[in-house]
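Next come the chains, spelled out residue by residue.
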Amino acid sequence: MDKVKVLEMCKAFSKNTLMETLQIEYIDVGEDFLTAKMPVNSKVHQPMGLLHGGASVALAESVGSAASMLFLDPKQFEVRGIEISANHLKSKREGEVFATARIIHKGNRLHLWEIKITDENNQLISLCKLTNMILPK
């Protein structure tokens, strides 16, 4: 796996999408994980000035769906998130959060991911689980 090429591919398919709007940046990849970061600022706050749970879920689904694509030929298959759950454990007002997706189950038609969202101090902010369906094009 060429880490630089994979991260560039993730960056390219984020153009003109929600990932670009939320400033999600893919920063690390390995054989069984993908990590992205997102700034925490007023663009992703809820009215009380805290990281919006929906922004955290968007980050989790983005990194988990992109991670599924790493196992597939994008010319033959597409990924669809079909279920996501999130437990928000700690609030965050500013800085950055990091989402790391790790595969739990890699089937032919379903992928199950655990996504941990942490802050700069490696404190767990949210714990998410994402199920992706793999579809032929």
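Quick look at the structure, then. (Residues numbered from 1 in each chain as written. Predicted model: local features only at pLDDT ≥ 70, side-chain atom pairs only at ≥ 80, totals over all residues. Heavy atoms only, no water.)

### With respect to helix α3 (residues 53-69)
Next up, step 1: Under the 1.5 Å per step criterion, the end-to-end length of α3 is 24 Å for 17 residues, consistent within 8% with the ideal 24 Å.
Next up, step 2: Counting buried residues in α3 gives 13 out of 17 residues, a clear majority hidden from the surface. (Helix = DSSP H or I, 4+ residues; strand = E, 2+ residues; numbered from the N terminus. Expected span 1.5 Å × (residues − 1). Buried < 20%, exposed > 50% of the residue type's maximum accessible area, 1.4 Å probe, protein only.)

### Here's the deal with the environment of Phe13
Next up, step 1: Among the secondary structure elements, Phe13 is positioned in the loop between α1 (3-12) and α2 (18-21).
Next up, step 2: Here the alpha-carbon distance between Phe13 and Ala66, two residues 53 residues apart in the chain, equals 9.1 Å.

### Focus: the nonpolar core
Next up, step 1: Counting 30 residues, the largest nonpolar core has Tyr26, Leu34, Met38, Ile115 and Ile117 as the members making the most contacts within it.
Next up, step 2: Those elements giving two or more residues to this core turn out to be α1, β1 (25-30), β2 (33-40), α3, β4 (95-106), β5 (110-119) and β6 (124-136).
Next up, step 3: The biggest single contributor to this core is α3, with 7 residues.
Next up, step 4: The residues touching Ile115, leaving out its near neighbours within four places in the chain, are Ala60, Val63, Gly64, Ala99, Thr100, Ala101, Ser126, Leu127, Cys128 and Leu130. (Core = buried A, V, L, I, M, F, W, Y, C linked by side-chain atoms within 4.5 Å. Contact = heavy atoms within 4.5 Å.)

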